[in-house]
Amino acid sequence: MRRVINWFDDRLHISALIDFLSHKSVPTHHHSIWYYFGGVSLLLFVVQIFTGLLLLFYYRPGPDSAFESIQFLMARVPFGWLVRSVHSWGANLMVLAVFIHMFSVFFMKAYRPPNELTWMSGFVLLGLSMAFGFSGYLLPWNELAFFATKVGTDIVGAVPVIGHWILMLLRGGEDVSGTTIGRFFGIHVALLPLFTGAVLFFHLALIQRHGITPPISKVGQPSPSLPFYPNFMIRETMVWLAVIGVLITLSTFLPWELGLKADPFKPAPAGIHPEWYFTFMSQTLKYLPPSILGFEGEQVGIIGFGVAGFLLFLTPLLDWQAKRGNDSRFFTAAGVFALAYVAVLTSLAYLKPY
């Protein structure tokens, strides 16, 4: 066994990698639990790739074949229902993990120098995770996905100036059709994985370069640390096993339903809304009046969300207190407000769908 290990080590330099990792350390404090969600997000992304590749063996995009191929997969292919459930539940858990990871970084002010680009690339990864969910939601071509995609693309079409162009690009026409499912399939399995892989590599390289940043409250204080290898990696592995256990449990006891095949000529079911991580946006647009200061209310809402997202992206450049090593109460309060707003609006959408 030693000879085999040495043979691989001579060619792959594994010992050098282990030595590099052993010199990395992770700060230990009562906020350390939040450090695991970055690894959880990465794990769930890998799960998505693996299960997505398995689904590709049977999935056939098209209005006359997509639903039937998923139906065949779930009914006839051994454990096909489980693979699809793991893929669907994994997508939702991945978005949730990325949300938690981003807001934990936000509240610990870990975006302060020299981590500005780490935050910005992470913000892009959050957007890509949501794009994965949006593009993959239509692929089963069931009733719920069809009308939710129609609602989502209608919102995109309301973006001032370029909205109609983006709508046509996504749908391939004025309506959600077979062309739309082909475009969403290409985006979901080709464009997004390539772009996400590049941004993820850049993000991880920055983390390796700058290390894990402690909260501002720990700056200047002697803080104990944990070696990344093997101590933190062992703990991270235990967290991964727990997440896999939750994912398999949800997929087994609450399998993802296929529902009814989409019929574009049927009216939309009552209470239809996009996936939960877009729901707060659509719910906000419902509450806006038709006209605000002479502009369409929906367009004002979309512009507002765009400005809020852009400001969140630029947080490291705007938070002057964090740059000086001070905890800025304004940004903390803004983060609490944003979380509360998303939670309340999402809850209203599900509690009062009509």
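Data block above holds the structure.
Residues numbered from 1 in each chain as written. Predicted model: local features only at pLDDT ≥ 70, side-chain atom pairs only at ≥ 80, totals over all residues. Heavy atoms only, no water.

S.K.: So, a nonpolar patch on the surface: which residues are in play, and what are the values?
M.R.: There is a patch of nonpolar side chains on the surface, built from Met1, Val4, Ile5, Trp7, Phe8, Leu12, Ile14 and Ile18 and spanning about 800 Å² of accessible area. For the nonpolar patch, the elements supplying multiple residues, two or more each, are α1 (2-12) and α2 (14-22). The biggest single contributor to the nonpolar patch is α1, with 5 residues. Relative to the elements of secondary structure, Phe8 occurs in helix α1. (Patch = residues over 30% accessible without salt bridge, like charges linked within 9 Å, V, L, I, M, F, W, Y side chains within 5 Å. Areas by Shrake-Rupley, 256 points an atom, 1.4 Å probe, with all protein chains shown as cover. Salt bridge = Lys/Arg side-chain N within 4 Å of Asp/Glu carboxyl O. Helix = DSSP H or I, 4+ residues; strand = E, 2+ residues; numbered from the N terminus.)

S.K.: Account for the packing of aromatic side chains, naming residues and giving values.
M.R.: Per the counting criterion, the structure on display carries 25 aromatic pairs. Ring centres of Tyr277 and Phe278 lie 5.1 Å apart, and the angle between their planes is 55°; this geometry places the pair in the tilted category. Considered together, Tyr277 and Phe278 belong to a single accessibility category, that of buried residues. A centroid spacing of 5.5 Å and a plane angle of 90° characterise the contact between Phe330 and Phe331, whose relative ring orientation is edge-to-face. Overall, the relative accessible area of 66% leaves Phe330 in the exposed class. We classify Phe331 as buried; its relative accessible area is 14%. In this arrangement the basic side chain of Lys109 is found over the ring face of Phe106, its NZ or CZ atom lying 5.7 Å from the centre. The positively charged end of Lys323 is found above the aromatic ring belonging to Trp320, 4.0 Å away from the centroid. (Phe/Tyr/Trp six-rings, centres within 6.5 Å; stacked < 30°, edge-to-face > 60°. Buried < 20%, exposed > 50% of the residue type's maximum accessible area, 1.4 Å probe, protein only. Lys NZ or Arg CZ within 6 Å of the ring centre and 35° of its normal.)

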